[in-house]
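Here is what each chain is made of, one letter per residue.
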Amino acid sequence: KAGVTQTPRYLIKTRGQQVTLSCSPISGHRSVSWYQQTPGQGLQFLFEYFSETQRNKGNFPGRFSGRQFSNSRSEMNVSTLELGDSALYLCASSSDGRAGGEQYFGPGTRLTVT
Amino acid sequence: AQSVTQLDSQVPVFEEAPVELRCNYSSSVSVYLFWYVQYPNQGLQLLLKYLSGSTLVKGINGFEAEFNKSQTSFHLRKPSVHISDTAEYFCAVSENDYKLSFGAGTTVTVRA
């Protein structure tokens, strides 16, 4: 079974631009979560989608948004990029979205904002 | 809201020696506890998890962890490390939803 895939793996953008990151979960998984990883703030939860509905959202500004498609693939969008948005963005999928269930992480997209 | 504290940011250890990574959490409700490992330029891989039941949890690659409710701790141990265990380790907690709250991470460096 293929793992979680994220595209692109690396991205360089300029301040003020917007960016879209993509995540394809493991086949059959219906829950997708997004996390931001930075040296200063560590791993922080962005949001979680289950069957195309956002169920949970972290403490991030409205510039961060996401969606999930009917095939469970998910995208996250960051508008008006700031230097502080430079980070590794990880997505994780799980089969049923149960609390305590195992989440499988992708390799991440490394975003650099200049 | 839950929070996680990993008490050591860096742990150097010699090959074949034991290692313990310390994790404390705070929460007002029952929690689920996890340890993840991250190798360079990779995502996170689950080592083990505690949901309920036996307080000693065994995971992959010879790791185990013990849940201590009175001390709100979930320390990770391995009796004998290998060079390949060099990585960053994260303790995480979730309450009654799917959101994981992570500790700051512990970098383990195994030396020959």
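An account of the accompanying structure is given in this report. (Residues numbered from 1 in each chain as written. Chains lettered and ligands numbered in written order. Predicted model: local features only at pLDDT ≥ 70, side-chain atom pairs only at ≥ 80, totals over all residues. Heavy atoms only, no water.)

### Things to note about the overall build of chain B
Cut-off, in case you're wondering: Where helices and strands are cited, they refer to DSSP runs of H or I of at least four residues and of E of at least two residues respectively, numbered from the N terminus. Taken over C-alpha atoms, the radius of gyration is set against a globule rule of 2.2 Å times the number of residues to the power 0.38. Exposure is judged per residue with a 1.4 Å probe applied to protein chains only, and the accessible area is read against the type maximum: over 50% gives exposed, under 20% gives buried, and values in between give partly exposed. Contacts are residue-level and defined by heavy atoms, with any inter-residue pair within 4.5 Å sufficient. The Shrake-Rupley method, run with a 1.4 Å probe, gives the accessible areas here. Residue values count only the displayed protein chains as cover. By the counting scheme adopted, Arg and Lys are positive, Glu and Asp are negative, and His together with the chain ends is not counted. Charge positions come from single atoms, namely NZ of Lys, CZ of Arg, CG of Asp or CD of Glu.
Within chain B, the secondary structure is distributed over zero helices and twelve strands. Along chain B, helices (α) and strands (β) appear in the sequence β-β-β-β-β-β-β-β-β-β-β-β when read from the amino end. Computed over C-alpha atoms, the radius of gyration of chain B comes to 13 Å, within 12% of the 13 Å expected from 2.2 N^0.38 for 112 residues, which places it in the range of a compact globule. The principal-axis extent of the C-alpha atoms belonging to chain B is close to 45 × 30 × 20 Å. In chain B, which comprises 112 residues, the share counted as buried stands at 46%. Residue pairs in contact within chain B that sit at least 24 positions apart in sequence constitute 55% of those at least 6 positions apart. When the accessible surface of chain B is totalled, it reaches about 5400 Å², and 48% of it is carbon and sulfur. If you average the places of the 8 positive and of the 10 negative side-chain charges in chain B, the two averages end up 4 Å apart.

### With respect to the overall build of chain A
From N to C terminus, chain A includes zero helices and eleven strands. Along chain A, helices (α) and strands (β) appear in the sequence β-β-β-β-β-β-β-β-β-β-β when read from the amino end. Its C-alpha atoms give chain A a radius of gyration of 13 Å, near enough to 13 Å, the size a compact globule of 114 residues would have. Considering chain A as a whole, with its 114 residues, one finds that 51% of them fall into the buried category. Looking at chain A alone, contacts between residues at least 24 apart form 54% of all its contacts between residues at least 6 apart. Summed over its atoms, the accessible surface of chain A is roughly 5300 Å², and 46% of this surface lies on carbon and sulfur atoms. Taken together, the 12 basic and 7 acidic charged side chains of chain A have centroids lying 4 Å from each other.

### Some details on the interface of chain A and chain B
In plain terms, the rule: Buried area is a sum: the accessible area each of two parts loses on coming together, probed at 1.4 Å, counted once for each and added. By definition here, a salt bridge exists when the distance from a side-chain nitrogen of Lys or Arg to a carboxyl oxygen of Asp or Glu is within 4 Å.
In this complex, chain A contributes 23 residues to the contact, which on the side of chain B involves 20 residues. Roughly 1700 Å² is buried in total at the junction of chain A and chain B, and carbon and sulfur atoms are behind 56% of that figure. Summed over the three residues of chain A that lose the most area to chain B, namely L43, G100 and F105 of chain A, the buried surface amounts to 30% of that side. Across the contact surface, chain A and chain B share zero salt bridges.

### Here's the deal with the pairing of strand β11 (residues 109-113) of chain A
Residue and element names in this part refer to chain A. Short version of the rule: A pair of strands is considered paired only if DSSP assigns at least 2 bridges between the two.
The two faces of β11 differ: T109, L111 and V113 on one face are buried, but R110 and T112 on the other face are not. Sheet topology note: the strand β2 (residues 10-13)/β11 ladder contains four bridges and is parallel. Note that in β11 the partner of L11 across the bridge is L111. Sheet analysis places strand β9 (residues 87-94) next to β11, joined by three bridges and oriented antiparallel. Among the inter-strand pairings, L88 is bridged to a residue of β11, identified as R110.

### Regarding the state of the cysteines
Residue and element names in this part refer to chain B. Operational definition: In plain terms, two cysteine sulfur atoms within 2.5 Å form what is called a disulfide here.
Taken as a whole, this structure holds two disulfides over all chains when the rule is applied. Disulfide partner of C23: C91, at an S-S distance of 2.0 Å. What sets the handedness of the C23 and C91 disulfide is the S-S torsion sign, and at about -65° it is left-handed. Within this pair, whereas C23 is found in strand β4 (residues 23-26), its partner C91 is found in strand β10 (residues 87-94), the two being separated by 68 residues in sequence. Overall, the relative accessible area of 0% leaves C91 in the buried class.

### Thoughts on unusual backbone geometry
Residue and element names in this part refer to chain A. Of the consecutive residues T7 and P8, the connecting peptide bond is found in the cis state with omega at -10°. Even without being a glycine, T80 presents a positive backbone phi close to 45°. With respect to the element layout, T80 can be found in the loop between β8 (74-78) and β9. Since its relative accessible area comes to 47%, T80 is described here as partly exposed.

### Focus on the packing of aromatic side chains
So the rule is basically this: Only Phe, Tyr and Trp rings are paired, with Trp represented by its six-membered ring, and only when their centres lie within 6.5 Å; those with planes under 30 degrees apart are stacked, over 60 edge-to-face, the remainder tilted.
Scanning all chains against the criterion turns up 13 aromatic pairs over all chains. Put simply, the rings of Y35, F45 and F105 of chain A together with F34, Y36, F90 and F102 of chain B touch in pairs and so form one group of aromatic residues.

### Quick word on the environment of E20 of chain B
Residue and element names in this part refer to chain B. Along the polypeptide, E20 turns up in strand β3 (residues 19-21). For E20, a relative accessible area of 35% corresponds to the partly exposed category. Along the sequence, E20 and S84 sit 64 residues apart, while their C-alpha atoms lie 16 Å from each other.

Note that every value here comes from positions in space, so none of it alone points to a role or purpose.
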